[in-house]
Amino acid sequence: QDIQSFGVNMVVASPTPIRSEKLQVIDLPIIDLSLERSEVSRLIVRACEEYGFFKVINHGVPEHIIARMEEESLNFFGKPVAEKQQAGPATPFGYGCKTIGFTGDLGEVEYLLLHTNPLSIAQKSISISTTDSAKFRSVVSGYVEAVRELACEILDLMAEGLWVHDTSSFSRLIRDVESDSVFRLNHYPPVLCSSNNNNICCSKDVINNSSSKVGFGEHSDPQILTILRSNDVGGLEISLDHGVWVPVSPDPTAFCVNVGDLLQAMTNGKFVSVRHRALTNTFKSRMSMAYFGAPPLHARVTAPPELVTPTKPSLYRPFTWAEYKKTAYSLRLGDSRLELFRNC
Ligand code: GA4
């Protein structure tokens, strides 16, 4: 895809995020990973600087690995509530319904949050699938391994595009056996909004002439990189200019990739960790699965020397992922945490 085709194809400013009429649609950059390597890395860097989000096609994750994971996900969310609750509560790992984090955030979503450590997947699988936990474990492990590979490849391309000498410096963190990466399955059930409700918490979607509720509220991802895949039901929105929500079209043939807070810090602010949210659809279930690539808890988060210069001094103080994660869980979902780690 040509760089020229990047960009917002229709923009009408609407300053209020909730109840705003959505008249904008965005064409996120679609990057074909089978193109020439230096061109791909250049496109990725540009997308991360401008949007913090992009889609990848020809990504190399085998279709059967994705299909099997989707099937397990559908199967899990289709179970009776009591069975799903066997895998909960999400503290933070396990099955959760409507409650997000520990500080009172709520959303119209049910989810399964898993640590990607093989032992943890194996243990959780037993409470998730009482009938065939071995299958669940092997499907999740296969999917997580494949998307981790994709995330590592993208991180190497980013380092190359940024002319960072040690091109594995980003990917090494999520390849580490002690990586604190997590995997999340989300199900946003269809929600019908009453006109009364509409005024309080719904977002009017004029394109589909329907109303939606917030499934997962506004936030940025705390980790390094997120690899998201969804079914063909829209709902993801990104906030490019403050307060303007732009829907991202669903595309089951692609993965949606976004920069997390740590990558913003590790690129000394060159890449942006953009706030996003997920809305429910009035008629259809939205299903998504997200891999959040994170370093080991003790890893120190700093920018490589090439990205820190006298004219661009270090924006953030060095910190560990453990420190950052603790801060994230002590705040509300929508709070800006990276700001707290800025150098004075
Ligand atoms: C947002 C990104 C991931 O979904 C997640 C979320 C986590 C959770 O749901 O437990 C958090 C949220 C996410 C950011 C702030 C904290 C932590 C809920 C919350 C209020 C799994 C993650 O790592 O951070």
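For the structure itself, look to the data block above.
Okay, so let's go over this structure. As the structure is a computational prediction, the values presented were derived from the model and not from experiment.

Rules used in this analysis
Residues numbered from 1 in each chain as written. Predicted model: local features only at pLDDT ≥ 70, side-chain atom pairs only at ≥ 80, totals over all residues. Helix = DSSP H or I, 4+ residues; strand = E, 2+ residues; numbered from the N terminus. Contact = placed C-beta atoms within 7 Å. Core = buried A, V, L, I, M, F, W, Y, C linked by C-beta atoms within 7 Å. Buried ≥ 20, exposed ≤ 12 C-beta atoms within 10 Å, placed from the backbone. Near = placed C-beta within 6 Å. Nonpolar A, V, L, I, M, F, W, Y, C, P; charged D, E, K, R; others polar. Axes fitted to C-alpha atoms, helices over the stretch in contact; angles between N-to-C directions. Parallel < 35°, antiparallel > 145°, perpendicular 65-115°, else oblique. Pairing = 2+ DSSP bridges.

## Thoughts on the overall build of the protein
Working step 1: Secondary structure summary: the protein contains nine helices and 17 strands in total.
Working step 2: Put simply, of all contacts in the protein between residues at least 6 apart along the chain, 71% involve residues at least 24 apart.

## A closer look at the nonpolar core
Working step 1: Ile44, Phe54, Ala151, Ile154, Met158, Leu225 and Ile227 are the most contacted members of the largest nonpolar core, which totals 85 residues.
Working step 2: Ranked by residue count, the leading element in this core is helix H5 (residues 133–161), at 13 residues.
Working step 3: What Ile227 contacts, discounting residues up to four positions off in sequence, is Val147, Leu150, Ala151, Phe255, Val257 and Tyr291.

## So, the site of the ligand
Working step 1: The ligand sits among 15 residues. The nearest are Pro92, Gly101, Asp221, Ala328 and Leu333.
Working step 2: Elements represented by at least two residues in the shell around the ligand include exactly strand E6 (105–115), strand E7 (182–188) and helix H9 (321–330).
Working step 3: Residues that form the shell around the ligand fall into these classes: nine nonpolar, three polar and three charged.

## Side note on the packing of helix H1 (residues 37–50) against H5
Working step 1: Between H1 and H5, the shortest axis-to-axis distance is 8 Å and the interhelical angle comes to 90°. Judged by the angle between their axes, H1 and H5 are roughly perpendicular. Residues Val40, Ser41, Arg42, Ile44, Val45 and Cys48 of H1 form the contact with H5, whose own contacting residues are Ile154, Leu157, Met158, Glu160 and Gly161.

## Describing the pairing of strand E13 (residues 255–259)
Working step 1: Among the five residues that make up E13, five are buried, leaving the element largely enclosed by the rest of the structure.
Working step 2: In the sheet, strand E4 (residues 53–57) pairs with E13 via four bridges, with the strands oriented antiparallel. Across the sheet, Phe54 pairs through a bridge with Val257, a residue of E13.
Working step 3: Note: strand E10 (residues 225–230) against E13, four bridges, orientation antiparallel. Opposite Ile227, over in E13, you have Val257 as the bridge partner.

Note that all results are geometric; they support no functional claim without further evidence.
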